[in-house]
Amino acid sequence: MGLIHIDLFTTLDGVAQAPGGPEEDPEGGFAFGGWQAPLFDDLVGEQIDAGMEGMDALLLGRRTYDIFAGYWPGERGPMAERLNRLPKYVASRSTRDLRWNNSTQLGPDLAAAVRELRIRHEHVHVIGSLDLVQTLFAERFFDRLTLWVYPILLGGGKKVFAGGAVPTSLELLEPVVASPKGAIMQRYALREGTPEVGDMAELDQEE
């Protein structure tokens, strides 16, 4: 059974809107599109590439698909070649113009679609696609979560956990990686069950 990977760039206050550029997603008057660019460095690029090794499909929301489809087909290099070659699956309620090669629109039953993707592929990556990610969080339709957390606060914008999250336990898979410009990579696996609780006062008594 394949794995669903969610890969997101976020600020310290959880904003994940339009990291790549000013025109990426200005919805809501967002004025900080492209906030990731000044903080991007070679280590971040290397870790992103390493994290996508083995990726054999993309699962994208409507907006992110349109952005990628308008950009990557005209690019060159290893990343462009990989993304242009891979199967792309689009989760959208409306009929899309799937002009990017190897693109397929999923049906209305997302749960069934995710099950089918897990059977068909080994490593399906979800990049950006914040609206879709909220559904994946809410339904626990994911297996891995990789966050690149950048050392800035924006105060407003679309958030990583914007109402879709439910009580969920995660396991840190590897030591965090810090880049020279202060971005921190955290990679988690989904665990069974919900978070446990305890009483700190009891721990103090044990000491």
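What you see is a predicted model; the values in this text were computed from it and never measured. (Residues numbered from 1 in each chain as written. Predicted model: local features only at pLDDT ≥ 70, side-chain atom pairs only at ≥ 80, totals over all residues. Heavy atoms only, no water.)

1. What about the nonpolar core?
Grouped together as the largest cluster of nonpolar side chains are 29 residues, with contacts concentrated most on Trp100, Trp148 and Tyr150. Looking at this core, the elements that each hand over two or more residues are α1 (42–51), β2 (57–61), α2 (62–71), α3 (78–85) and β6 (144–150). Contacts of Trp148, omitting those with residues within four sequence positions, involve Leu8, Phe9, Thr10, Val44, Gln47, Ile48, Val177, Ala183, Ile184 and Met185. Membership of the second largest hydrophobic core comes to 26 residues, among which are Ala57, Leu130, Val133 and Val149. (Core = buried A, V, L, I, M, F, W, Y, C linked by side-chain atoms within 4.5 Å. Buried < 20%, exposed > 50% of the residue type's maximum accessible area, 1.4 Å probe, protein only. Helix = DSSP H or I, 4+ residues; strand = E, 2+ residues; numbered from the N terminus. Contact = heavy atoms within 4.5 Å.)

2. Here's the deal with the pairing of strand β9 (residues 184–190)
β9 sits mainly inside the fold: 5 of its 7 residues count as buried. Sheet analysis places strand β7 (residues 170–172) next to β9, joined by 3 bridges and oriented antiparallel. Within β9, the residue paired with Glu171 across the bridge is Ala189. As defined by bridge partners, strand β8 (residues 177–178) adjoins β9 across 2 bridges and the pair is classed as antiparallel. Bridged to Ala178 within β9 is Ile184. The antiparallel pairing of β8 with β9 creates a hairpin that spans 5 residues between the two strands, and Gly182 there sits at a positive phi of about 100°. (Pairing = 2+ DSSP bridges.)

3. So, the packing of aromatic side chains
Tallying each qualifying case throughout the model produces 8 aromatic pairs. Three or more aromatic residues joined by ring pairs form one cluster here, namely Phe9, Trp35 and Tyr150. The ring of Trp100 carries Lys88 above its face, with NZ or CZ at 4.4 Å from the centroid. (Phe/Tyr/Trp six-rings, centres within 6.5 Å; stacked < 30°, edge-to-face > 60°. Lys NZ or Arg CZ within 6 Å of the ring centre and 35° of its normal.)

4. A word on the environment of Pro19
As for its position among the elements, Pro19 is in the loop between β1 (3–11) and α1. Residues Pro19 and Tyr71, 52 residues apart in the sequence, show an inter-C-alpha distance of 15 Å. Filtering out sequence-adjacent residues up to four positions away, Pro19 remains in contact with Phe9, Glu24, Gly34, Trp35, Gln36 and Ala37.

5. Quick look at the pattern of salt bridges
In this structure the tally under the stated criterion is 7 salt bridges. With a shortest N-O distance of 3.0 Å, Lys158 and Glu27 are connected by a salt bridge. Here Lys158, found in the loop between β6 and β7, pairs with Glu27, found in the loop between β1 and α1; they are 131 residues apart in sequence, far enough to count as distant. Judged by relative accessible area, Lys158 falls into the partly exposed class, the value being 22%. Arg118 is paired through a salt bridge with Asp143; the nearest N and O atoms lie 2.9 Å apart. A residue pair is termed long-range when its members are at least 10 positions apart, and Arg118 in helix α4 (residues 110–120) and Asp143 in the loop between α5 (130–139) and β6 qualify at 25 residues. Like Asp143, Arg118 is buried. Each member of the salt-bridge network shares a partner with another, and the members are Asp25, Glu27, Arg63 and Lys158. (Salt bridge = Lys/Arg side-chain N within 4 Å of Asp/Glu carboxyl O.)

6. A closer look at the pairing of strand β3 (residues 88–91)
A two-sided burial pattern is seen for β3, the buried positions comprising Lys88 and Val90 on one face and Tyr89 and Ala91 on the other. Strand direction decides the pairing type here: β2 and β3, joined by 4 bridges, are parallel. Each residue of the ladder has a partner; that of Leu58, found in β3, is Lys88.

7. A short note on a negative patch on the surface
A surface patch of negative charge is lined by Asp42, Glu46, Asp49 and Glu53. For Asp49, the position within the fold is in helix α1. (Patch = residues over 30% accessible without salt bridge, like charges linked within 9 Å, V, L, I, M, F, W, Y side chains within 5 Å. Areas by Shrake-Rupley, 256 points an atom, 1.4 Å probe, with all protein chains shown as cover. Lys, Arg positive; Asp, Glu negative; His and termini not counted. Charge placed at Lys NZ, Arg CZ, Asp CG, Glu CD.)

8. Concerning α3
Listed as buried for α3 are Met79, Ala80, Leu83 and Asn84. Across the axial projection of α3, the buried residues extend over an arc of 120°, all falling on one side. α3 presents Pro78, Glu81 and Arg85 as exposed residues on the side facing more than 90 degrees away from its buried surface. Those residues of α3 that are buried lie in contact with α1, β2 and β3. (Arc of directions from axis to C-beta.)

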